[in-house]
Amino acid sequence: MAIEDNPRTREQYGQELKRRREAAGLTQEELSQRVVMSRTHIAHIEGGRRRPDAEDARRLDQVLDAGEFFERFLPTLDGKKVAEHFAEAAELERRAVAIKEYASTLVPGFLQTAAYAGEVLGSGHPAKSDEKRDSLLATRLERARILGNFDSPKVTLLLSEAVLRQVIGGPEVMCEQLQHIVELGESRRIRVHVLPFTVDAHALLEGPVKLMWFEELPPVAYVEGLKSGRIWEPQGTVRELEDVYDHALGDALSHRKSLALIRSVAEDYEHEAQREQHS
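What counts and how
- Residues numbered from 1 in each chain as written.
- Predicted model: local features only at pLDDT ≥ 70, side-chain atom pairs only at ≥ 80, totals over all residues.
- Heavy atoms only, no water.
- Helix = DSSP H or I, 4+ residues; strand = E, 2+ residues; numbered from the N terminus.
- Buried < 20%, exposed > 50% of the residue type's maximum accessible area, 1.4 Å probe, protein only.
- Phe/Tyr/Trp six-rings, centres within 6.5 Å; stacked < 30°, edge-to-face > 60°.
- pLDDT = per-residue confidence, 0-100.
- Contact = heavy atoms within 4.5 Å.
- Pairing = 2+ DSSP bridges.
- Axes fitted to C-alpha atoms, helices over the stretch in contact; angles between N-to-C directions.
- Patch = residues over 30% accessible without salt bridge, like charges linked within 9 Å, V, L, I, M, F, W, Y side chains within 5 Å.
- Areas by Shrake-Rupley, 256 points an atom, 1.4 Å probe, with all protein chains shown as cover.
- Salt bridge = Lys/Arg side-chain N within 4 Å of Asp/Glu carboxyl O.
- Lys, Arg positive; Asp, Glu negative; His and termini not counted.
- Charge placed at Lys NZ, Arg CZ, Asp CG, Glu CD.
- Expected span 1.5 Å × (residues − 1).
- Polar contact = N/O pair within 3.5 Å; in protein donor to acceptor, adjacent residues only side chain to side chain.
- Parallel < 35°, antiparallel > 145°, perpendicular 65-115°, else oblique.
- Left-handed = near helix turned anticlockwise from the far one by under 90°.
- Nonpolar A, V, L, I, M, F, W, Y, C, P; charged D, E, K, R; others polar.

### Regarding the environment of Leu136
- Topologically, Leu136 is positioned in helix H8 (residues 130–143).
- On the basis of relative accessibility, which here comes to 12%, the residue Leu136 falls in the buried class.
- Placed 18 residues apart in sequence, Leu136 and Gly118 show a C-alpha to C-alpha distance of 8.8 Å.

If you want it as C-alpha coordinates, here you go:
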(Lines give C-alpha, C1' and ligand atoms only; values in the text may rest on other atoms or scores of the structure.)
Protein backbone atom coordinates (compact mmCIF):
# COMPACT_ATOMS: atom_id res chain seq x y z
CA MET A 1 0.00 0.00 0.00
CA ALA A 2 1.47 3.35 -1.05
CA ILE A 3 0.92 6.12 1.50
CA GLU A 4 1.76 9.56 0.14
CA ASP A 5 4.51 11.29 2.10
CA ASN A 6 3.11 14.64 3.24
CA PRO A 7 2.88 16.53 6.56
CA ARG A 8 -0.49 14.99 7.48
CA THR A 9 0.50 11.35 6.87
CA ARG A 10 3.78 11.83 8.75
CA GLU A 11 1.87 13.37 11.66
CA GLN A 12 -0.56 10.42 11.79
CA TYR A 13 2.32 7.97 11.53
CA GLY A 14 4.11 9.71 14.40
CA GLN A 15 1.01 9.72 16.58
CA GLU A 16 0.64 5.97 16.11
CA LEU A 17 4.29 5.41 17.00
CA LYS A 18 3.87 7.44 20.19
CA ARG A 19 0.67 5.57 21.11
CA ARG A 20 2.27 2.14 20.67
CA ARG A 21 5.49 3.18 22.42
CA GLU A 22 3.59 4.44 25.46
CA ALA A 23 1.36 1.34 25.46
CA ALA A 24 4.56 -0.72 25.62
CA GLY A 25 5.69 1.32 28.63
CA LEU A 26 8.80 2.63 26.87
CA THR A 27 10.37 6.07 26.94
CA GLN A 28 11.80 7.51 23.73
CA GLU A 29 15.30 6.77 25.04
CA GLU A 30 14.43 3.14 25.85
CA LEU A 31 12.86 2.62 22.42
CA SER A 32 15.81 4.24 20.69
CA GLN A 33 18.20 1.78 22.34
CA ARG A 34 16.12 -1.22 21.32
CA VAL A 35 15.64 -0.21 17.68
CA VAL A 36 19.17 1.24 17.29
CA MET A 37 18.01 4.75 16.41
CA SER A 38 18.78 8.05 18.10
CA ARG A 39 16.28 9.37 20.64
CA THR A 40 16.17 12.62 18.63
CA HIS A 41 15.13 10.71 15.52
CA ILE A 42 12.34 8.96 17.47
CA ALA A 43 11.15 12.37 18.72
CA HIS A 44 11.12 13.83 15.20
CA ILE A 45 9.17 10.86 13.84
CA GLU A 46 6.59 11.17 16.63
CA GLY A 47 6.36 14.90 15.96
CA GLY A 48 5.65 14.28 12.27
CA ARG A 49 8.86 16.02 11.22
CA ARG A 50 10.72 12.98 9.89
CA ARG A 51 10.05 9.51 8.50
CA PRO A 52 12.04 6.35 9.21
CA ASP A 53 13.58 4.38 6.39
CA ALA A 54 12.29 0.89 5.57
CA GLU A 55 14.82 -0.88 7.82
CA ASP A 56 13.99 1.40 10.77
CA ALA A 57 10.29 0.69 10.22
CA ARG A 58 10.92 -3.07 10.31
CA ARG A 59 12.77 -2.75 13.63
CA LEU A 60 9.94 -0.66 15.07
CA ASP A 61 7.50 -3.41 14.09
CA GLN A 62 9.64 -6.04 15.79
CA VAL A 63 10.30 -4.16 19.02
CA LEU A 64 6.72 -2.90 19.44
CA ASP A 65 5.16 -6.19 18.26
CA ALA A 66 3.21 -4.22 15.65
CA GLY A 67 2.99 -6.91 12.98
CA GLU A 68 3.97 -5.07 9.81
CA PHE A 69 2.21 -1.80 10.62
CA PHE A 70 5.15 0.57 10.53
CA GLU A 71 6.57 -0.97 7.38
CA ARG A 72 3.25 -1.24 5.51
CA PHE A 73 2.07 2.27 6.35
CA LEU A 74 5.42 4.00 5.96
CA PRO A 75 4.79 7.31 4.12
CA THR A 76 6.69 7.20 0.85
CA LEU A 77 7.18 9.42 -2.17
CA ASP A 78 4.53 8.16 -4.58
CA GLY A 79 5.88 6.32 -7.59
CA LYS A 80 9.47 6.38 -6.29
CA LYS A 81 10.15 9.69 -7.99
CA VAL A 82 13.56 9.72 -6.35
CA ALA A 83 15.76 6.80 -5.35
CA GLU A 84 14.58 5.20 -2.11
CA HIS A 85 17.88 5.91 -0.39
CA PHE A 86 17.53 9.61 -1.25
CA ALA A 87 13.87 10.08 -0.33
CA GLU A 88 14.43 11.44 3.18
CA ALA A 89 17.36 13.58 2.06
CA ALA A 90 15.17 15.09 -0.68
CA GLU A 91 12.57 16.05 1.89
CA LEU A 92 15.20 17.61 4.15
CA GLU A 93 16.71 19.48 1.20
CA ARG A 94 13.37 21.21 0.63
CA ARG A 95 13.24 22.36 4.26
CA ALA A 96 16.85 23.43 4.70
CA VAL A 97 17.79 27.05 5.37
CA ALA A 98 21.46 26.38 4.55
CA ILE A 99 23.15 23.70 2.44
CA LYS A 100 26.83 22.94 2.01
CA GLU A 101 27.57 20.25 -0.55
CA TYR A 102 30.65 18.61 -1.99
CA ALA A 103 30.32 16.91 -5.40
CA SER A 104 33.09 14.64 -6.64
CA THR A 105 31.95 13.64 -10.15
CA LEU A 106 28.49 15.05 -11.00
CA VAL A 107 26.78 18.41 -10.64
CA PRO A 108 24.41 18.18 -7.62
CA GLY A 109 20.87 17.31 -8.67
CA PHE A 110 19.19 20.58 -7.68
CA LEU A 111 21.66 22.50 -9.87
CA GLN A 112 21.36 20.33 -12.97
CA THR A 113 19.93 21.65 -16.22
CA ALA A 114 17.25 19.62 -18.01
CA ALA A 115 19.66 18.37 -20.69
CA TYR A 116 22.37 17.40 -18.19
CA ALA A 117 19.90 15.72 -15.82
CA GLY A 118 18.28 13.83 -18.69
CA GLU A 119 21.65 12.38 -19.69
CA VAL A 120 22.45 11.38 -16.11
CA LEU A 121 19.06 9.77 -15.49
CA GLY A 122 19.14 7.96 -18.83
CA SER A 123 22.57 6.44 -18.22
CA GLY A 124 21.79 4.14 -15.29
CA HIS A 125 21.58 0.37 -15.24
CA PRO A 126 19.22 -1.33 -15.77
CA ALA A 127 17.88 0.88 -18.55
CA LYS A 128 14.76 2.97 -17.83
CA SER A 129 11.81 3.54 -20.11
CA ASP A 130 11.41 7.03 -21.55
CA GLU A 131 8.32 7.49 -19.37
CA LYS A 132 10.21 6.55 -16.20
CA ARG A 133 13.15 8.77 -17.11
CA ASP A 134 10.85 11.73 -17.82
CA SER A 135 9.10 11.26 -14.46
CA LEU A 136 12.44 11.26 -12.65
CA LEU A 137 13.56 14.27 -14.68
CA ALA A 138 10.47 16.28 -13.70
CA THR A 139 11.14 15.54 -10.03
CA ARG A 140 14.80 16.50 -10.33
CA LEU A 141 13.99 19.79 -12.01
CA GLU A 142 11.37 20.47 -9.34
CA ARG A 143 14.17 20.32 -6.75
CA ALA A 144 15.73 23.38 -8.40
CA ARG A 145 12.81 25.50 -7.19
CA ILE A 146 14.53 25.90 -3.82
CA LEU A 147 16.94 28.25 -5.61
CA GLY A 148 14.07 30.55 -6.57
CA ASN A 149 14.05 32.15 -3.11
CA PHE A 150 17.03 34.47 -2.83
CA ASP A 151 17.12 34.34 0.98
CA SER A 152 16.85 30.60 1.64
CA PRO A 153 18.52 28.23 1.52
CA LYS A 154 22.02 29.66 1.55
CA VAL A 155 23.99 27.29 -0.70
CA THR A 156 27.74 26.67 -0.69
CA LEU A 157 28.90 24.36 -3.44
CA LEU A 158 32.30 22.65 -3.39
CA LEU A 159 33.13 20.95 -6.69
CA SER A 160 35.97 18.69 -7.62
CA GLU A 161 37.46 19.82 -10.93
CA ALA A 162 36.40 16.37 -12.17
CA VAL A 163 32.80 17.64 -12.20
CA LEU A 164 33.80 20.22 -14.82
CA ARG A 165 35.84 17.80 -16.91
CA GLN A 166 33.54 14.75 -16.88
CA VAL A 167 31.68 15.12 -20.18
CA ILE A 168 27.97 14.36 -19.76
CA GLY A 169 25.92 14.50 -22.94
CA GLY A 170 28.57 16.18 -25.07
CA PRO A 171 30.16 19.66 -25.17
CA GLU A 172 26.92 21.56 -25.83
CA VAL A 173 25.21 20.06 -22.78
CA MET A 174 28.30 20.71 -20.63
CA CYS A 175 28.57 24.30 -21.82
CA GLU A 176 24.95 25.01 -20.87
CA GLN A 177 25.35 23.30 -17.50
CA LEU A 178 28.50 25.17 -16.52
CA GLN A 179 27.05 28.48 -17.71
CA HIS A 180 24.06 27.82 -15.46
CA ILE A 181 26.34 27.40 -12.45
CA VAL A 182 28.22 30.59 -13.37
CA GLU A 183 24.95 32.54 -13.62
CA LEU A 184 23.83 31.34 -10.18
CA GLY A 185 27.22 32.24 -8.75
CA GLU A 186 27.36 35.66 -10.36
CA SER A 187 23.85 36.46 -9.12
CA ARG A 188 25.06 35.63 -5.59
CA ARG A 189 22.43 32.89 -5.33
CA ILE A 190 25.11 30.32 -4.53
CA ARG A 191 28.75 30.32 -3.47
CA VAL A 192 30.94 28.09 -5.65
CA HIS A 193 34.41 26.76 -4.90
CA VAL A 194 36.39 24.39 -7.11
CA LEU A 195 38.98 21.93 -5.82
CA PRO A 196 41.47 21.88 -8.72
CA PHE A 197 43.35 18.75 -9.70
CA THR A 198 46.56 20.45 -8.56
CA VAL A 199 45.42 20.13 -4.93
CA ASP A 200 46.24 16.41 -5.11
CA ALA A 201 44.97 14.62 -1.97
CA HIS A 202 42.31 16.44 0.07
CA ALA A 203 39.98 15.78 3.00
CA LEU A 204 36.94 14.76 0.92
CA LEU A 205 38.55 12.24 -1.41
CA GLU A 206 36.33 9.47 -0.02
CA GLY A 207 33.21 10.91 -1.64
CA PRO A 208 30.34 13.41 -1.71
CA VAL A 209 28.61 14.86 1.34
CA LYS A 210 25.68 17.23 1.88
CA LEU A 211 25.32 19.22 5.11
CA MET A 212 21.95 20.79 5.91
CA TRP A 213 20.73 23.23 8.55
CA PHE A 214 17.10 23.97 9.52
CA GLU A 215 15.01 26.42 11.51
CA GLU A 216 13.48 23.86 13.87
CA LEU A 217 15.65 20.75 13.52
CA PRO A 218 19.28 20.11 14.38
CA PRO A 219 21.65 19.95 11.41
CA VAL A 220 22.17 16.66 9.55
CA ALA A 221 24.64 15.25 7.06
CA TYR A 222 23.88 13.05 4.07
CA VAL A 223 26.56 10.79 2.64
CA GLU A 224 25.90 8.89 -0.60
CA GLY A 225 27.47 5.94 -2.38
CA LEU A 226 26.48 3.67 -5.27
CA LYS A 227 22.72 3.00 -4.90
CA SER A 228 22.99 3.83 -1.20
CA GLY A 229 22.83 6.82 1.08
CA ARG A 230 22.71 7.58 4.78
CA ILE A 231 21.44 10.44 6.92
CA TRP A 232 23.74 11.17 9.86
CA GLU A 233 21.99 12.80 12.85
CA PRO A 234 24.36 12.44 15.85
CA GLN A 235 25.64 15.97 16.33
CA GLY A 236 29.18 14.81 17.01
CA THR A 237 29.26 13.08 13.63
CA VAL A 238 27.69 16.07 11.87
CA ARG A 239 30.26 18.43 13.38
CA GLU A 240 33.05 16.06 12.35
CA LEU A 241 31.80 15.98 8.75
CA GLU A 242 31.43 19.76 8.75
CA ASP A 243 35.04 20.04 9.93
CA VAL A 244 36.16 17.74 7.10
CA TYR A 245 34.19 19.85 4.63
CA ASP A 246 35.71 23.08 5.91
CA HIS A 247 39.19 21.56 5.75
CA ALA A 248 38.70 20.68 2.07
CA LEU A 249 37.14 24.09 1.42
CA GLY A 250 40.37 25.64 2.63
CA ASP A 251 42.19 23.94 -0.26
CA ALA A 252 39.72 25.17 -2.88
CA LEU A 253 39.83 28.20 -5.16
CA SER A 254 38.03 31.35 -4.08
CA HIS A 255 34.49 32.00 -5.31
CA ARG A 256 35.76 34.54 -7.86
CA LYS A 257 38.56 32.32 -9.18
CA SER A 258 36.24 29.30 -9.27
CA LEU A 259 33.71 31.16 -11.42
CA ALA A 260 36.52 32.23 -13.74
CA LEU A 261 37.66 28.62 -14.11
CA ILE A 262 34.13 27.32 -14.71
CA ARG A 263 33.50 30.08 -17.25
CA SER A 264 36.75 29.20 -19.06
CA VAL A 265 35.91 25.50 -19.22
CA ALA A 266 32.39 26.36 -20.47
CA GLU A 267 33.93 28.43 -23.26
CA ASP A 268 36.16 25.50 -24.21
CA TYR A 269 33.06 23.30 -24.48
CA GLU A 270 31.31 25.98 -26.55
CA HIS A 271 34.19 26.11 -29.02
CA GLU A 272 34.26 22.32 -29.21
CA ALA A 273 30.52 22.21 -29.91
CA GLN A 274 30.94 24.76 -32.69
CA ARG A 275 33.73 22.71 -34.26
CA GLU A 276 31.53 19.61 -34.19
CA GLN A 277 28.69 21.48 -35.89
CA HIS A 278 30.97 22.61 -38.73
CA SER A 279 32.84 19.36 -39.17
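More follows now that the structure is in view.
### Some remarks on the packing of aromatic side chains
- With the rule as written, the count across this model stands at three aromatic pairs.
- Pairing Tyr13 with Phe70 gives two aromatic rings, centres 5.6 Å apart and planes at 80°, and the pair type is edge-to-face. Taken together, the positions of Tyr13 in helix H1 (residues 7–23) and Phe70 in helix H5 (residues 69–72) put the pair 57 residues apart, joining distant regions of the chain. The burial state of Tyr13 is the same as that of Phe70; both residues are buried.
- Geometrically, the ring pair formed by Phe69 and Phe73 is tilted, given 5.1 Å between the ring centres and 35° between the ring planes.

### Topic: the confidence of the model for the protein chain
- Residues with a pLDDT of 70 or more make up 93% of the protein chain, whose mean pLDDT is 87.
- The model gives residues 78–82 a pLDDT under 50, and that stretch makes eleven contacts with residues more than four places away or in other chains.

### Side note on the sheet that holds strand E8 (residues 228–232)
- Ordered in space as E5-E4-E3-E6-E7-E8, the six strands form an open sheet in which the pairing is mixed. The open sheet terminates on both sides in strands that have one partner only, identified here as strand E5 (190–195) and E8. Ignoring which end each strand starts from, the neighbouring axes of this sheet average 10° apart.
- Lying over the sheet, helix H11 (residues 235–249) contacts strand E3 (98–103), strand E4 (154–160), E5, strand E6 (209–213), strand E7 (220–225) and E8, oriented at roughly 115° with respect to E6.

### Description of a negative patch on the surface
- A cluster of acidic residues, Glu267, Asp268, Glu270, Glu272 and Glu276, forms a negative patch at the surface.
- With respect to the helices and strands, Glu272 occurs in helix H12 (residues 255–278).
- For Glu272, a relative accessible area of 31% gives the class partly exposed.

### With respect to helix H10 (residues 171–186)
- Here H10 is 16 residues long and its end C-alpha atoms lie 22 Å apart, about the 22 Å a rise of 1.5 Å per residue gives.
- For H10, the full list of buried residues reads Pro171, Val173, Met174, Cys175, Gln177, Leu178, Ile181, Val182, Leu184 and Gly185.

### A few points about the environment of Glu161
- Looking at the secondary structure, you find Glu161 in helix H9 (residues 161–165).
- On the accessibility criterion, Glu161 (9% relative accessible area) is buried.
- As for Glu161 and Pro196, which are separated by 35 residues in sequence, their C-alpha atoms are 5.0 Å apart.
- Polar side-chain contacts of Glu161 include one of 3.0 Å to the side chain of Arg165.

### Focus: the pattern of salt bridges
- Inspection of every chain in the model, using the stated rule, returns 17 salt bridges.
- Between Arg58 and Glu55 there is a salt bridge; the shortest N-O distance is 2.9 Å. Pair noted here: Arg58 and Glu55 are both in helix H4 (residues 54–63), with a separation of three residues, about one helical turn.
- With a relative accessible area of 31%, Arg58 lands in the partly exposed category.
- A salt bridge links Glu55 to Arg59; the shortest N-O distance between them is 3.7 Å. A residue pair is termed a helical-turn pair when its members lie 3 or 4 positions apart in one helix, as Glu55 and Arg59 do in helix H4 at four residues.
- The class of Glu55 is partly exposed, set by a relative accessible area of 39%.
- Via salt bridges that share partners, Glu55, Asp56, Arg58, Arg59 and Glu71 belong to a single interconnected network.

### Focus on the environment of His247
- Checked against the element boundaries, His247 lands in helix H11.
- With 43 residues separating them along the chain, His247 and Leu204 place their C-alpha atoms 8.6 Å apart.

### Observations concerning the packing of H10 against H12
- Interaxial distance between H10 and H12 falls to 8 Å at its minimum, and their mutual angle equals 155°. For the element pair H10 / H12, the angle class is roughly antiparallel. Judged by the sense of rotation from one axis to the other, the crossing of H10 with H12 is left-handed. On H12, the residues touching Pro171, Glu172, Met174, Cys175, Leu178, Gln179, Ile181, Val182, Gly185 and Glu186 of H10 are His255, Leu259, Ile262, Arg263, Val265, Ala266, Tyr269, Glu270, Glu272, Ala273, Glu276 and Gln277.
- A class-by-class count of the residues in the contact of H10 with H12 yields twelve nonpolar, four polar and six charged.

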